[in-house]
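# Summary of structural features
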Amino acid sequence: MAVITYRQALHDTLREEMLADEDVFLIGEEIGVFEGSYKITAGLLDEFGEKRVRDTPIAEEGFIGAAVGAAMQGLRPVAELMTINFSLIALDQIVNHAAKIYGMFGGQCSVPMVMRTPGGGGQQLGATHSQNIELYYAFVPGLKVVAPSTPADAKALLRASIADNDPVLFLENLALYNTKGEVPETVEPAEIGKAAVSRPGNDITIIGYSRMATVAHQVADKLEDEEGISAEVVDLRSLRPLDRETLVESVRKTNCAVIAEDDWLTYGIGAEIAASISDGAFDSLDAPVRRVAAAEVPLPYAKPLERAALPSAESLTTAVHETLEAVGRRR
Amino acid sequence: MAETATRSKPASGGAGKTRRNGTRSSGKRVQTGANNVFSGESPDTLRDYFRQMTLIRRFEERAAQGYTQAKIGGYCHLNLGEEATVVGLMSALRRSDYLFTNYREHGYALAKGIEPGRVMAELYGRTSGTSKGWGGSMHMFDVDSGLLGGYGIVGGQIPLATGAALAIDYRGGDQVVMCQLGDGTTNIGAFHESLNIAALWNLPVIFVVVNNQLGMGTTVEKSSAESELYKRAVAYRMHGERVDGNDVTAVNEAASRLVEHARATGEPALLETVSHRLKGHSVVDPSKYRSQESVDAARAADPVATFRARLIDSGVLDEDGAAEIERQAQADADAAVAFADDSPHPDVSTLFDYTYATPVANDSRRLPADPVF
Ligand SMILES: Cc1ncc(C[n+]2csc(CCOP(=O)(O)OP(=O)(O)O)c2C)c(N)n1
Ligand SMILES: [Mg+2]
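Here the structure is a predicted model, which means the values were calculated and not measured. (Residues numbered from 1 in each chain as written. Chains lettered and ligands numbered in written order. Predicted model: local features only at pLDDT ≥ 70, side-chain atom pairs only at ≥ 80, totals over all residues. Heavy atoms only, no water.)

All names here are of chain B. Topologically, lysine 71 is positioned in the loop between helix H1 (43-68) and helix H2 (83-90). Between the alpha carbons of lysine 71 and threonine 162 there is a distance of 35 Å; along the sequence they are 91 residues apart. Sequence-distant contacts of lysine 71, that is, excluding residues within four places in its chain, are made with Gly66, Leu123, Tyr124 and Asp341. (Helix = DSSP H or I, 4+ residues; strand = E, 2+ residues; numbered from the N terminus. Contact = heavy atoms within 4.5 Å.)

Rendered as structure tokens:
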């Protein structure tokens, strides 16, 4: 099996999907000549030409709306929003239009489009360029939101997103682009709406998505190696729909859970997960569900402040230890 | 290269609101030198322009170095190649006038009157920085000098600047707002919405499109259906004009005229300055997409080098005088670095200091590892 980066997995999948279907085209800022702000689309302009790799003006509302309109005609645009922060300028087209057209017109017209966009802090980009606001989209019926954490999942979920007949927000993360993982020769499209137990265990469930799913794995591996703790990791992979069954099943087995999320705690993704656990595994819980999330501040630029504000392997480890202490499974 | 579009207007004054009609003292005319192409600036003013442009050049070089040394993080966009534009524009403003910029604002901060050490300290993320280390390269702010923010979201500053002009109009002040933005930014909705509002309500804001001919890697021709950007003012019945952004005196003449007209009448205007970006979009961008012609043109037009030559040709400066200014600029940039490096990092205990201006019950002050209860 080939070991490739998350970036490469995205790049390869875009290319393969474009080769397979003439209706798939790329649209976004600086994706052609500049090869993408994070170089996901490197080389694709040369290979496919301007018709299918379309550099847009800096006009998020305009080009996302144009992608919605083209998708209504049956094309399959894959739009790149340079970062999720800039998606806010296109919020109206995404929430009031892309998400509404299928239902509002009684199912007559679908919107088969993908919006790829990275979120994430930790790069000292300051308050406006470091946000994790996938919740804004995960809140909206009519949108699908996926958030792969590994190169293999990036590939499987991107294939599924492009094949899907609904608007899909495809969440990437700046810190994941250079991470590596095994990717099989052929990858089938994933089923959107399914979480994965990406690391089986018995003592505690750690639930994460995107970057924090990878942090959960690091923490779980270390707990196993150093303390013999068997942590199960549930990687959500899809934020809408949310696979409540898989996470509730895990908590029924382990009886306790820690949620690891990069977004803000209050009203965040973790709040919905904690509520779901309460709904489905209340009787199994031996301790309160714990959430590790970002401090609720506009993220400062200065490194010491930024570091303190963001969740990390250390803060997740602390939360896991304290939860295990609460259930009496750790001295 | 001055070109104008749309509604003609008097050089100053005009009907409408009563505002103090600002005048600009032009000082002594430059008399010396066979190649004198200056038209009204005193030798002191010209030397000061050169001093400021050189300081920006040296400062930005040190910023690039600090980035490479990982003293500076995040994104770091430099004004290299835009020094004439920056100094020409800022010299047209009073200290009490307001300035809004994009994220490429180090030079503006210096030329608007902030001490270089505080600008560098912001890049270093220190408490002595213009935003106390909270903003970084893209987000400088300083009330005293009227810099009401560098903004990292493309176009974000444009409605804000329009709103500041609304406040001036509302209160009857005589300040003017200058709103700097890039060529690529003329394609975002906020630009068009704001120009319309400013024209409709007659607000004293000068929109300055710093046309360095590139967005990140996208040329103006590839991004703007009307690539003569000053003409975009036409749609809003606003005065628009274009000036050579490599020529500090031309920029200053145009900017001063528009600023003083806005001061007198409240009328907004659009000024386009045309120059080049000497380096990448940000410090980490190797500009692989850029044509050799474009790079050569940028080097040939280097505003600091050409202005230096003009000053020497016209006898405003001699070699020694120029070298002395350059030595001083280097020393100032070095001192800014030393100041920044010696300044403290913000303490983690201050993380929750600026979430709300009015303290509020139940404000979350939780760190990631803290439990809710
Ligand atoms: C809303 C939004 N979209 C995209 C970006 C990413 N971005 C940052 S700078 C830039 C190019 C801006 O070009 P221009 O307006 O010409 O200004 P310059 O950088 O040349 O000064 C882009 C696309 C952003 N910061 N905000
Ligand atoms: Mg530009």
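Following the UniProt record, the feature "domain: Dehydrogenase E1 component" (unreviewed entry) maps to residues 51-348 of chain B here. Secondary structure content for residues 51-348 of chain B is 45% helix and 12% strand, and the end C-alpha separation is 39 Å. (UniProt positions renumbered as here; feature names shortened; annotations may be inferred.)

A cluster of nonpolar side chains, namely A:Leu88, A:Leu91, A:Tyr136 and A:Trp264, defines an oily patch on the protein surface of about 310 Å² accessible area. Note that A:Tyr136 resides in helix H6 (residues 134-138). (Patch = residues over 30% accessible without salt bridge, like charges linked within 9 Å, V, L, I, M, F, W, Y side chains within 5 Å. Areas by Shrake-Rupley, 256 points an atom, 1.4 Å probe, with all protein chains shown as cover. Salt bridge = Lys/Arg side-chain N within 4 Å of Asp/Glu carboxyl O.)

Contacts between the two partners involve 41 residues from chain A, matched on the other side by 46 residues from chain B. Buried surface at the junction of chain A and chain B, summed over both partners, amounts to about 3,500 Å²; 65% is from carbon and sulfur atoms. By the criterion of area lost to chain B, the three top residues of chain A are A:Ile58, A:Tyr301 and A:Leu305, representing 20% of everything that side buries. At the junction of chain A with chain B, the criterion picks out 1 salt bridge. The partner of A:Glu50 in a salt bridge is B:Lys222, and the shortest N-O contact between them spans 2.5 Å. Our count for the chain A to chain B interface comes out at 13 residue pairs in polar contact (both at pLDDT 80 or more). Secondary-structure elements contributing two or more residues to the side of chain A that touches chain B are strand E14 (290-294), helix H11 (303-309) and helix H12 (313-326) of chain A. Per element, the largest residue contribution to the side of chain A that touches chain B is 5 residues, and it comes from E14(A). Its residues placed into classes, the side of chain A that touches chain B shows 26 nonpolar, 7 polar and 8 charged. (Buried area = accessible area lost by both parts, 1.4 Å probe. Polar contact = N/O pair within 3.5 Å; in protein donor to acceptor, adjacent residues only side chain to side chain. Nonpolar A, V, L, I, M, F, W, Y, C, P; charged D, E, K, R; others polar.)

Turning next to the site of ligand 1. Close to ligand 1 lie 22 residues; A:Glu60, B:Tyr103, B:Arg104, B:Gly152 and B:Thr185 are nearest. Per-site note: the chains with residues close to ligand 1 are chains A and B. Alone, ligand 1 offers 580 Å² of accessible surface; in the complex the protein occludes 97% of this. Residue composition of the shell around ligand 1, by class: 9 nonpolar, 9 polar and 4 charged. (Near = heavy atom within 4 Å.)

Turning our eyes to something else, we now look at the confidence of the model for chain B. All names here are of chain B. Residues with a pLDDT of 70 or more make up 90% of chain B, whose mean pLDDT is 92. For chain B, the element scoring lowest by mean pLDDT is strand E1 (residues 3-5), at 56; strand E5 (residues 205-211) scores highest, at 99. Under a pLDDT of 50 for its full length, residues 6-34 has, in the predicted model, 76 contacts with residues more than four places off or in other chains. Interface confidence for the predicted complex, expressed as ipTM, amounts to 0.96; the pTM equals 0.94. (pLDDT = per-residue confidence, 0-100.)

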